[in-house]
Amino acid sequence: MSISVYLWETGMKFPGGTALIPGFGFTEGGLWRARPIPAGAAGLIVDDRFPPDRRGLAAARQALAERTELLIFDFERPLSPLLAELLQALGGKRTVLPPAWAALPHAAVLVGPWTGEHPFPRWLEAQRNCYGRVILDAAPLRAAAAPGGPRRVWEGPPPERGFPCPGLGCLHRRLEDGTLLFWDTQQTLSARLAGLDVPVIVFRADWESLAAR
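A short tour of the structure in this document, coming up.

Conventions used here
- Along each chain, the written sequence defines residue order, and numbers are assigned to residues from 1.
- Note on the predicted model: pLDDT of at least 70 is required for a residue's local features to be given, and 80 or more for side-chain atom pairs to be given and counted; whole-chain, interface and lining totals, by contrast, use all residues.
- Side-chain measures here rest on the full set of heavy atoms in the structure, leaving out hydrogens and waters.
- Under the scheme used here, helices are H or I runs from DSSP no shorter than 4 residues and strands are E runs no shorter than 2 residues, and both carry numbers assigned from the N terminus.
- Here the term buried applies to any residue with accessible area under 20% of the maximum for its type, exposed to any over 50%, and partly exposed to those in between, with areas from a 1.4 Å probe on protein chains only.
- Side-chain atoms alone can form a polar contact between residues adjacent in sequence; in general such a contact is a pair of N or O atoms within 3.5 Å, and within protein one must be able to donate a hydrogen while the other accepts it.
- In this description, contact between two residues means that some pair of their heavy atoms is separated by no more than 4.5 Å.
- A pair of strands is considered paired only if DSSP assigns at least 2 bridges between the two.
- The handedness rule is simple: strands pointing away from the viewer, and a clockwise path from the first strand over the helix to the second, make the crossover right-handed.
- Stacked, edge-to-face and tilted labels apply to pairs of Phe, Tyr and Trp rings (six-membered ring for Trp) whose centres lie within 6.5 Å, assigned for plane angles under 30 degrees, over 60, and everything in between, in that order.
- Salt bridge, as used here, is a side-chain nitrogen of Lys or Arg placed within 4 Å of a carboxyl oxygen of Asp or Glu.
- By convention a nonpolar core is built from buried Ala, Val, Leu, Ile, Met, Phe, Trp, Tyr and Cys residues, the set being connected through side-chain atoms within 4.5 Å.

### Quick word on the side chain of Asp47
Mapped onto the secondary structure, Asp47 falls in strand β4 (residues 43–47). Asp47 sits in the buried class, given a relative accessible area of 13%. Within polar-contact distance, the side chain of Asp47 engages the backbone nitrogen of Arg49 at 3.1 Å. Those residues in contact with Asp47 that lie beyond four places of it in its chain are Phe24, Gly25, Arg33, Asp74 and Phe75.

Given below as structure tokens:
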């Protein structure tokens, strides 16, 4: 692949890509939660499981200010003044933010995963038109659509066999109750990523779950 494919898992590597190191953030008491950074890591993943206090914020600024890796902020909570202050202090330096935080300084916005509701190229182009530089959460497609109903995430294992779905670039199959399933294999996911010109992130567990198919 000619693009960067990052693997979201400590110490592991996607073929042709580089490891991202999760586990950074704050303790339940608000202090900075650091961890060792292996040599050659491409990025650090900071979560907002717990909010910082002032001491934690100061420690985070000191720890992150001089890092040269990507700083991926995997924030799921509503906007927080203290975390916004941290991002302002970092000044967008190699920072990757979720869409809800995109008004703050950043180098790219983390978008996805794609749910298969629209053709992938059109969906990705819409994300780029909205946010500019993006990094894609390239989780494998797992979707179900009941007759006349909305599309939803398919939680169960995919069928043993499926048929190519040219419009979405995945496999599909209709169940006895009429539900249509859409899912990726390593081959379909690789083919989708190979045609991109944006960096992507893949969970190691997601990739390995496709290995036998």
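Text resumes after the structure shown.
### A look at the environment of Leu136
Note that Leu136 resides in strand β8 (residues 134–137). A relative accessible area of 1% means that Leu136 is categorised as buried. Sequence separation between Leu136 and Ile45 is 91 residues; the distance between their C-alpha atoms is 15 Å. Look past the residues within four positions of Leu136 in its chain and what remains in contact with it is Leu110, Val111, Gly112, Phe120, Trp123, Leu196, Pro199, Val200 and Ile201.

### What about the environment of Phe120?
In this structure, Phe120 sits in helix α3 (residues 120–131). Separated by 47 residues in the primary sequence, Phe120 and Gly167 place their C-alpha atoms 8.9 Å from one another. Leave out the neighbours within four places in its chain, and Phe120 touches Trp114, Leu136, Arg192 and Leu196.

### Things to note about the pairing of β4
Within β4, 5 of the 5 residues are buried, which leaves it mostly tucked inside the rest of the structure. Neither face of β4 is exposed, since Gly43, Ile45 and Asp47 on one face and Leu44 and Val46 on the opposite face are all buried. Judged from the 3 bridges that link them, strand β2 (residues 18–26) and β4 form a sheet pairing that is parallel. Bridged to Phe24 within β4 is Val46. Once the chain exits β4 it traverses helix α1 (residues 54–64) before rejoining the sheet at strand β5 (residues 70–74), and the crossover so formed is right-handed.

### Some remarks on the packing of aromatic side chains
Scanning all chains against the criterion turns up 6 aromatic pairs. Measuring from centroid to centroid gives 4.9 Å for Phe75 and Trp101, while their planes differ by 65°, and the two rings are edge-to-face. Remark: Trp101 occurs in the loop between β6 (95–97) and β7 (108–111) and Phe75 occurs in the loop between β5 and α2 (81–90); sequence separation between them is 26 residues. Aromatic ring contacts, followed pair by pair, group Phe24, Phe26 and Trp32 into a single cluster.

### Let's talk about the pattern of salt bridges
Oppositely charged side chains are able to pair whenever their charged atoms sit close together. Using the criterion set out here, one finds 7 salt bridges in the structure. Between Arg54 and Glu85 there is a salt bridge, with its nearest N and O atoms 2.7 Å apart. Here Arg54, found in helix α1, pairs with Glu85, found in helix α2; they are 31 residues apart in sequence, far enough to count as distant. Take Arg54: its relative accessible area is 51%, and that puts it in the exposed class. When the shortest N-O distance is used, the salt bridge between Asp197 and Arg128 registers 2.8 Å. Taken together, the positions of Asp197 in the loop between α4 (186–194) and β14 (200–202) and Arg128 in helix α3 put the pair 69 residues apart, joining distant regions of the chain. Overlapping salt bridges bring together Arg33, Asp47 and Arg49 as one network.

### Quick look at the nonpolar core
The biggest cluster of nonpolar side chains holds 25 residues, and the ones touching the most others in it are Phe120, Trp123, Leu124, Leu136, Phe182, Leu193 and Leu196. Ala41, Ala60, Leu97 and Trp101 belong to the second largest nonpolar core, which has 23 residues in total.

### Comments concerning unusual backbone geometry
Across the junction of Gly112 and Pro113, the peptide omega takes the value 5°, indicating a cis bond. Phi is positive for Arg94, close to 55°, though the residue is something other than glycine.

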